[in-house]
Amino acid sequence: MGVRRAIYPGSFDPITFGHLDIIHRASHLFDSLIVAVAQSEAKQPLFSANERVSLIKGAIPHAPGVEVRQFDGLLVDLAREENAFVVIRGLRAISDFEFEFQMALMNRRLEPRLETIFLTPKEDYTFLSSRIVKEVARLGGDVTPFVPSVVADRLKAKYLPHRE
Ligand code: PNS
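Residues numbered from 1 in each chain as written. Predicted model: local features only at pLDDT ≥ 70, side-chain atom pairs only at ≥ 80, totals over all residues. Heavy atoms only, no water.

Caption draft 1: Representation of the packing of aromatic side chains within the structure. Within the structure shown, the criterion is met by four aromatic pairs. Summarising the aromatic geometry, the rings of Y8 and F12 are spaced 5.2 Å apart at their centres and angled 80° between planes, so their arrangement reads as edge-to-face. Of the two residues, Y8 and F12, both sit in the buried class. (Phe/Tyr/Trp six-rings, centres within 6.5 Å; stacked < 30°, edge-to-face > 60°. Buried < 20%, exposed > 50% of the residue type's maximum accessible area, 1.4 Å probe, protein only.)

Here it is, written out as structure tokens:
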């Protein structure tokens, strides 16, 4: 059997403890994990793809077997380029399921070798999302229980620069 290689794609705008929990779980299941940051221009991200990559790297400075990179275009093209045909996605609740199911089936239609594996995060993180964390930060709330300190600092700098 070759090296077990998987991709964990997402927008990660920004990375939360929920994402980190999934990275941690996936990195135990695979020899090599690529955390793939989508440009996601259509979602008008708060952080540039470069910033999102460096926030993830800052949050996991010592993670053997984990590589962080950005990508543009289709996930299936990245899978072919990286020769990694397992995609990891986190499932928090039933509400995630419909979109995730659609995406998994579309990806498999585009590339039949591709399998999607869903992992569930620790219960404490099932309510977390990047969107809700940004809203709390924008309105001056404390996000330190939800994101690594590097991310909390950058959110503060983006939304509340005068309070630095
Ligand atoms: O964190 P997100 O925003 O839920 O991640 C969604 C993501 C980036 C995994 C998805 O939008 C994606 O794979 N984008 C790349 C473009 C692509 O392949 N689209 C077709 C997938 S059905």
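Caption draft 2: The sheet that holds strand β3 (residues 66-71), seen in detail. With parallel pairing, the five strands of this open sheet are ordered in space as β3-β2-β1-β4-β5. Taken across any chain shown, the strands that pair with only one partner, and hence form the sheet edges, are β3 and β5 (115-119). Direction aside, the axes of adjacent strands within the sheet are offset by 30° on average. With six bridges connecting them, strand β1 (residues 5-10) and strand β2 (residues 32-38) associate as parallel partners. Residue pairing for β2: G10 is matched across the bridge by V37. (Pairing = 2+ DSSP bridges. Helix = DSSP H or I, 4+ residues; strand = E, 2+ residues; numbered from the N terminus. Axes fitted to C-alpha atoms, helices over the stretch in contact; angles between N-to-C directions.)

Caption draft 3: Structural context of empty space enclosed by the protein. Summed over all chains, the structure comprises one cavity of 30 Å³ or more. In this structure, the largest cavity encloses a volume near 40 Å³. Around the largest cavity, the lining residues are L75, V87, R89, E100, M103, A104, N107 and T116. No other element matches helix α4 (residues 94-110), which puts four residues into the lining of the largest cavity. For the lining of the largest cavity, the residue count by class is four nonpolar, two polar and two charged. (1 Å grid on protein atoms, 1.4 Å probe; cavity = no way out; pocket = protein on both sides within 12 Å on 5 of 7 lines; lining within 4 Å. Points joined across faces, edges and corners; volume = space filled by probe spheres on them. Nonpolar A, V, L, I, M, F, W, Y, C, P; charged D, E, K, R; others polar.)

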